[in-house]
Amino acid sequence: MVPKYSFNVNSTGNQAVAWAAVEAGVDYFAHYPGSPVNHVEPALQKICAQENIDITFNHATNEHIATLAAAGASYCGARSLVVFKHVGMNIASDPLNYLGYTGLKGGMVIVVGTDPGATCSTGEEDPHWYAPQMNLPLLEPTTVQEIKDTVVRAFDISEKYEVPVLVFIPAKLCYNTDSIVVQKIKYHPKNFHFEKNPERFINVGQKAVRNHRALVERLGRLASDTNFLQGFGNPKAPYAIVTRGITSNHVYESLSHLGLFNEVHLINVEMTYPLNITPLAALLEHKAKIVVIEDQDGFLENQIKMNLFNKLKGDVYGKDIFPVWDEVSYHLVDSYLRKEFKFEEGPEPLAIPVVPERLGAFCEGCPHRSIFYAIDEAIKGTDTIIGGDIGCSSLPPHRTDWLLCMNAGIGISQGMSHVLKDQQVISTGGEGSFFHGGILSLQSAILNKINLLHMVLDNRSVAMTGHQDSPTRNPKTDYRGLLESIGVDKIIEVSAFNPLELTLRIRQELKGKGVRVMWVKGDCALQPDPETELKRKTKFISIDNSQCLDCDICYTDLQCPAIERVETLSEDLKIDLDKCMRCGVCIEICPNDAINVRYQHEFSI
Ligand code: SF4
Ligand code: SF4
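1. Quick look at the overall build of the chain
Then, number 1: Along its length, the chain carries 22 helices and 25 strands.
Then, number 2: The globule rule puts the C-alpha radius of gyration for 605 residues at 25 Å, and the 28 Å found for the chain is close to it.
Then, number 3: Counting only C-alpha atoms and orienting by the principal axes, one finds that the chain spans roughly 80 × 70 × 55 Å.
Then, number 4: Each of the 605 residues in the chain was classed as buried or not, and the buried ones make up 52%.
Then, number 5: Where the 56 positive side-chain charges of the chain centre and where its 73 negative ones centre are 6 Å apart.

2. A word on the site of ligand 1
Then, number 1: Lining the immediate environment of ligand 1, one finds Ile-543, Cys-548, Leu-549, Cys-551, Asp-552, Cys-554, Leu-573, Cys-590, Pro-591, Asn-592, Ala-594 and Ile-595.
Then, number 2: Of the residues that constitute the shell around ligand 1, the class distribution is ten nonpolar, one polar and one charged.

3. Observations concerning the packing of helix H1 (residues 13-23) against helix H6 (residues 144-161)
Then, number 1: Packing of H1 against H6 brings their axes to within 8 Å, and their N-to-C directions diverge by 30°. What the angle tells us is that H1 and H6 run roughly parallel. Once H1 is placed against H6, the crossing between them reads as right-handed. Here Gly-13, Ala-16, Val-17, Trp-19, Ala-20 and Glu-23 of H1 come into contact with H6, specifically with Val-144, Ile-147, Lys-148, Val-151 and Val-152.
Then, number 2: Of the residues that constitute the contact of H1 with H6, the class distribution is eight nonpolar, one polar and two charged.

4. Topic: the side chain of Thr-150
Then, number 1: Structurally, Thr-150 is set in helix H6.
Then, number 2: Polar contacts involving the side chain of Thr-150 include one to the side chain of Glu-270, which spans 3.0 Å.
Then, number 3: The residues contacting Thr-150, other than those within four sequence positions of it, are Leu-139, Pro-141, Val-167 and Glu-270.

5. Digging into the sheet that holds strand E7 (residues 165-170)
Then, number 1: The strand order across the open sheet formed by seven strands is E3-E2-E4-E5-E7-E6-E12, and the pairing between neighbours is mixed. On the outer flanks of this sheet lie strand E3 (56-59) and strand E12 (271-273), each paired with one strand and no other.
Then, number 2: When strand E5 (residues 108-114) meets E7, the two strands line up parallel, connected through six bridges. Note that in E7 the partner of Val-111 across the bridge is Val-167.
Then, number 3: Most of the contacts of H6 go to E7, to which it runs at about 165°, and overall it touches strand E4 (80-85), E5, strand E6 (138-139) and E7.

6. Some words on the sheet that holds strand E11 (residues 264-269)
Then, number 1: What the five strands build is an open sheet, ordered E9-E11-E10-E13-E14; its pairing is mixed. Because the sheet does not close on itself, it has two edges, and the strands there are strand E9 (229-233) and strand E14 (315-317). Across this sheet, the average inter-strand angle for adjacent strands is 20°, counted without regard to direction.
Then, number 2: Here five bridges tie strand E10 (residues 239-243) to E11, and the two strands are oriented parallel to one another. Bridge pairing in E11 places Thr-243 opposite Asn-268.
Then, number 3: Running at roughly 160° to E11, helix H10 (residues 247-258) makes contact with E9, E10, E11 and strand E13 (289-293) of the sheet.
Then, number 4: Contacts between helix H12 (residues 299-307) and the sheet are confined to E10, E11, E13 and E14, with E14 contributing the most and set at about 165° to the helix.

7. Points about the site of ligand 2
Then, number 1: With respect to spatial proximity, 13 residues lie near ligand 2, and among them Cys-560, Cys-580, Cys-583, Gly-584 and Cys-586 are the closest.
Then, number 2: Tallied by class, the residues present in the shell around ligand 2 amount to ten nonpolar, two polar and one charged.

8. Section: unusual backbone geometry
Then, number 1: Note the cis peptide between Ser-35 and Pro-36, where omega equals 15°.
Then, number 2: Within the secondary structure, Pro-36 is located in the loop between strand E2 (28-31) and helix H2 (40-51).
Then, number 3: In this structure, Pro-274 follows Tyr-273 across a cis peptide bond, with omega equal to -10°.
Then, number 4: Mapped onto the elements of the fold, Pro-274 is located in the loop between E12 and helix H11 (277-284).
Then, number 5: Positive phi, close to 70°, is recorded for Asp-552, a residue that is not glycine.
Then, number 6: Here Asp-552 lies in the loop between strand E22 (539-543) and helix H20 (553-558).

9. Observations concerning the packing of aromatic side chains
Here a ring pair, both rings aromatic, is described through the centre-centre distance and the interplanar angle of the planes.
Then, number 1: Applying the stated criterion across every chain, the model contains 16 aromatic pairs.
Then, number 2: The interplanar angle of 55° and the centroid separation of 5.5 Å between the aromatic rings of Phe-29 and Phe-57 together place this pair among those described as tilted. Note that Phe-29 is positioned in strand E2 and Phe-57 in strand E3, a separation of 28 residues in sequence.
Then, number 3: Between Tyr-98 and Tyr-101 the ring centres are 5.3 Å apart and the planes differ by 85°, which places this aromatic pair in the edge-to-face class. Of this pair, Tyr-98 and Tyr-101 both sit in helix H4 (residues 88-102), three residues apart, roughly one helical turn.
Then, number 4: Taken together, the aromatic side chains of Phe-434, Phe-435, Tyr-479 and Trp-519 make up a single cluster linked through ring pairs.
Then, number 5: In this arrangement the basic side chain of Lys-289 is found over the ring face of Tyr-317, its NZ or CZ atom lying 5.0 Å from the centre.

10. A few points about the domain arrangement of the chain
Then, number 1: Once the domains are mapped, the chain shows domain 1 (2-225), domain 2 (229-340), domain 3 (367-521) and domain 4 (530-603).
Then, number 2: Here domain 3 and domain 4 have C-alpha centroids that lie 28 Å from each other.
Then, number 3: The interface of domain 3 with domain 4 comprises ten residues on the first partner and ten residues on the second.
Then, number 4: The contact between domain 3 and domain 4 buries some 900 Å² in all, and 60% of this surface belongs to carbon and sulfur atoms.
Then, number 5: At the boundary of domain 3 with domain 4, the tally comes to zero salt bridges.

11. Side note on the pattern of salt bridges
Then, number 1: Under the definition given, this model contains 28 salt bridges.
Then, number 2: Between Glu-162 and Arg-200 there is a salt bridge, with the nearest N and O atoms lying 3.9 Å from each other. Of this pair, Glu-162 sits in the loop between H6 and E7 while Arg-200 sits in helix H8 (residues 198-201), and the two are 38 residues apart along the sequence.
Then, number 3: Looking at Glu-162, the relative accessible area reads 31%, which means it is partly exposed.
Then, number 4: Residue Glu-493 is joined to Arg-480 by a salt bridge in which the shortest nitrogen-to-oxygen separation is 2.6 Å. Here Arg-480 lies in helix H17 (residues 479-485) and Glu-493 lies in strand E20 (residues 490-495), a separation of 13 residues in the sequence.

What counts, and at which threshold
Residues numbered from 1 in each chain as written. Chains lettered and ligands numbered in written order. Predicted model: local features only at pLDDT ≥ 70, side-chain atom pairs only at ≥ 80, totals over all residues. Heavy atoms only, no water. Helix = DSSP H or I, 4+ residues; strand = E, 2+ residues; numbered from the N terminus. Rg over C-alpha atoms; globule rule 2.2 N^0.38 Å. Buried < 20%, exposed > 50% of the residue type's maximum accessible area, 1.4 Å probe, protein only. Lys, Arg positive; Asp, Glu negative; His and termini not counted. Charge placed at Lys NZ, Arg CZ, Asp CG, Glu CD. Near = heavy atom within 4 Å. Nonpolar A, V, L, I, M, F, W, Y, C, P; charged D, E, K, R; others polar. Axes fitted to C-alpha atoms, helices over the stretch in contact; angles between N-to-C directions. Parallel < 35°, antiparallel > 145°, perpendicular 65-115°, else oblique. Left-handed = near helix turned anticlockwise from the far one by under 90°. Contact = heavy atoms within 4.5 Å. Polar contact = N/O pair within 3.5 Å; in protein donor to acceptor, adjacent residues only side chain to side chain. Pairing = 2+ DSSP bridges. Phe/Tyr/Trp six-rings, centres within 6.5 Å; stacked < 30°, edge-to-face > 60°. Lys NZ or Arg CZ within 6 Å of the ring centre and 35° of its normal. Domains from an automatic or database assignment. Buried area = accessible area lost by both parts, 1.4 Å probe. Salt bridge = Lys/Arg side-chain N within 4 Å of Asp/Glu carboxyl O.

Listed below in structure tokens is the structure:
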């Protein structure tokens, strides 16, 4: 692998990870798609195709599997990159807790998209605490260029210290765009080999203890050999701000806007675990006041207080000033600095556009819209509970009663079904969730003889994160055979686009017993098959307002965005054929036959 030449590209944070993978000579890429790092894989696929680079891709069905597969490749000498979002750390934590013990041959880097502010997640869990628990180094880039540079550097660290390296990138930075410099490299074919070594790879008893100790010693060497501290402003100032990740940009920008660089020594910590304690202590020991500004929990503040207890002249502040929830924004930093430095007046804060909160919605022709309409109809007048799961099916106007984490639909429904006597529970979840871990919950429900109706919403796509293929896109996937083999009591297959039949089948199953799986099929509207494409050209759907009785079922209950109110006093409805996917659901549910279909040939002479 020889660097050939450097060049500039416009890149998002996601794309910078892909460019880093290419520059670092990654051989193996494993991922589980999740926002905000969902665009890394398509970006890497595109670069590989353009540059004729041969990287092996593993589209794993969950983060645990992605991590183990990448570890296997690294054990054999391949450089491996794993990508998933913050909650994926919970799923991958089992292997990640012990991969440092065994060490690696090829570098292994785990890029994790974090989400302070929960912009694309069900929560803003702070995964930083995993780094000390797992004894894994943690790097936090601050810009798009740094993402590329840090990931490349992380591979070198991983190989030198024989440990997987974590790189955390917050959502804002993942979606940021900048011009970055990347290096083009020349690939050589590689041969990989696994050297058996029971002392290293069989971790049990005293072997595990010895390997744990060796890992801690390697991390100690990493912290003392390298320096990941960046200083700005006045090193002699008695006031220090210590920061990490994207927050350092807000602090830098605010200090610069307020002209405070002479009063403040700003220190950015790029490797937040393990900390470069000795040089950090030297920078901070004589400061009169130290304020740690960071997103989410006080991970850095906590480590500074723990490691430098009684070694500092000034007090350390952090989460007593800045909240642990939401992002620490530029405006929050700016208003704090104005108060701290007693700015009666001063430059106006930089304007930040106010963005209205938008909740998202099902697309026109989305199979989930029809499914939730049918569920609503089927449970009308009952106190039935609907369990929700992660994915497109959680978009408004969803009717689920909770939204928590992957597989929470079927998982929580089990416990409820076990204890509730007077209420029925229907659990829902996409096929992506089902193969991610839902199938294990189903096996458990069978084992425990729970009465449960689970609806698999199979749109053959991990649609919400960028249409990665789901297992059912593979025609060989025999989900019926799979369900039968684990002992599901009843399997019902039904189309999402027949809401009346679907309503009937759900109603029937509310009285059923045992573990029942309703597999509801309907392709994602954004991945239409050729038949739908043809229908869009030849099938014309319209509302006959002379027939329409204004019951509003299609407009208010179904809420398909292709059905609009005509802007006249008559308030007539019309269908926007540019948006309509010809799914036919509105035609079926209209109780007054007011929605008509005409075909192209009917217009021909
Ligand atoms: S469902 Fe039919 S009758 Fe009711 S508002 Fe829509 S078009 Fe009119
Ligand atoms: S056929 Fe009806 S429900 Fe389907 S996309 Fe068109 S307007 Fe919406």
